[in-house]
Amino acid sequence: MRAWRAGLVPFDELADEIARDEEHLVADAPGTWTDVPLPQGLPLFAKVHPDEIRLVLPVAGDPRGLPGPGELTGAALLAGEAVMTPAFGVVPQVRQHTSGSGVQFETVLWRFFEVAEHRPVFQMGAAEAEAELTLALSEATTQLTKLDVAQWKPELAGALQALRRPESTATLPPGFDPRARRLFARAGVLDQVLALAGTNAPGGAINGYEAQQRDAALRPLVSACRQALVAACNSPLHA
């Protein structure tokens, strides 16, 4: 979105890049009376400066980047993400469907919320987010090693080692500098590893107490990963 507004990505490619193989609709957009296809909703951002388009990944207890209490904030906290501008925000809602033949599929509905002169009060830079991610990874790895996490979840041991390498197929659009790209790639790999780490081993190989210790060790890393993704995606663009 930001790269399109900066003139670095053509509009014709934008909707396909966002939606991939899913159906995406926009709800409650000004001038519409029903849900519209994503390409018809994206012009909402046509007059917004790229630096005023912000990714937000809020969680309970950390609603940074959102306005005060209200419908938008509640929806964003429930979804875990939103795209904010000074005048409005959009929040994705995933809807589950079943076709007449029994095939299940999803629709992503981007709901529009109007706000009044919203300005985020804090924005972590990519350099600071990268440093915090590195520190959090080191501390989490040390704690998980003490917990002997590899014994009850062997596949996680290799994943943690792979995480120290920033290689990833995930990438940002044109216009982002190398630091932002490196940070996004590393945080993208980390996000996958954390999903693996947060699942319990089959057959009851980990008990409730061990799960609590694991979650406590991972919590700062989860937060650092979230901050890294936000910082990378909101980094300044360069022509």
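Residues numbered from 1 in each chain as written. Predicted model: local features only at pLDDT ≥ 70, side-chain atom pairs only at ≥ 80, totals over all residues. Heavy atoms only, no water.

## Quick notes on the overall build of the protein
Convention followed: Segments assigned H or I by DSSP are reported as helices when at least four residues long, segments assigned E as strands when at least two residues long, and all are numbered from the N terminus. Classification of residues uses two cut-offs on accessible area relative to the type maximum, computed with a 1.4 Å probe and protein chains only: under 20% is buried, over 50% is exposed, and between them is partly exposed. We call two residues in contact whenever any of their non-hydrogen atoms come within 4.5 Å of each other. Note on areas: these come from Shrake-Rupley sampling with a 1.4 Å probe, and a residue is covered only by the protein chains present in the view.
A tally of helices and strands in the protein yields nine helices and six strands. Among the 239 residues that make up the protein, the fraction classed as buried is 42%. If you take every contact in the protein between residues at least 6 apart in sequence, the share linking residues at least 24 apart comes to 64%. Put simply, the protein shows about 13,000 Å² of open surface, and 55% of that area lies on carbon and sulfur atoms.

## Some details on the nonpolar core
The following threshold applies: Residues belong to one nonpolar core when they are buried, are Ala, Val, Leu, Ile, Met, Phe, Trp, Tyr or Cys, and are joined through side-chain atoms within 4.5 Å.
Counting residues in each nonpolar core, the largest one holds 29 residues, and the members touching the most others are Leu 133, Leu 183, Leu 221 and Cys 225. Put simply, the parts of the chain that give this core at least two residues each are α5 (126–146), α8 (178–197) and α9 (208–233). If one sorts the elements of this core by residue count, α9 sits on top with 11 residues. Residues contacting Leu 133, with those up to four places away along its chain left out, are Leu 183, Arg 186, Leu 190, Leu 221, Ala 224, Cys 225 and Ala 228. Ranked by size, the runner-up nonpolar core spans 18 residues in total, among them Val 26, Leu 42, Val 90 and Trp 110.

## Considerations on unusual backbone geometry
The phi dihedral of Asp 28 is positive, around 65°, even though this residue is not glycine. Within the fold, Asp 28 resides in the loop between β1 (23–27) and β2 (36–37). Its relative accessible area of 45% is what places Asp 28 among the partly exposed residues. Here Glu 117, not a glycine, exhibits a phi torsion of approximately 50°, which is positive. Mapping Glu 117 onto the fold places it in the loop between β6 (104–114) and α5.

## A closer look at the environment of Gly 70
By the element assignment, Gly 70 lies in the loop between β3 (54–56) and α4 (71–79). In this structure the C-alpha to C-alpha distance between Gly 70 and Val 115, which are 45 residues apart in sequence, comes to 10.0 Å.

## Things to note about the pairing of β1
Put simply, the test is: Any two strands with at least two DSSP-identified bridges between them are counted as paired.
The buried fraction of β1 is high, at four of five residues. Relative to β6, β1 runs parallel, the two sharing five bridges. In the sheet register, Leu 25 faces β6, and the bridge partner there is Leu 109. Summarising the sheet, β1 and β2 pair through two bridges and their orientation is antiparallel. Its bridge partner lying in β2, Val 26 is registered against Val 36.

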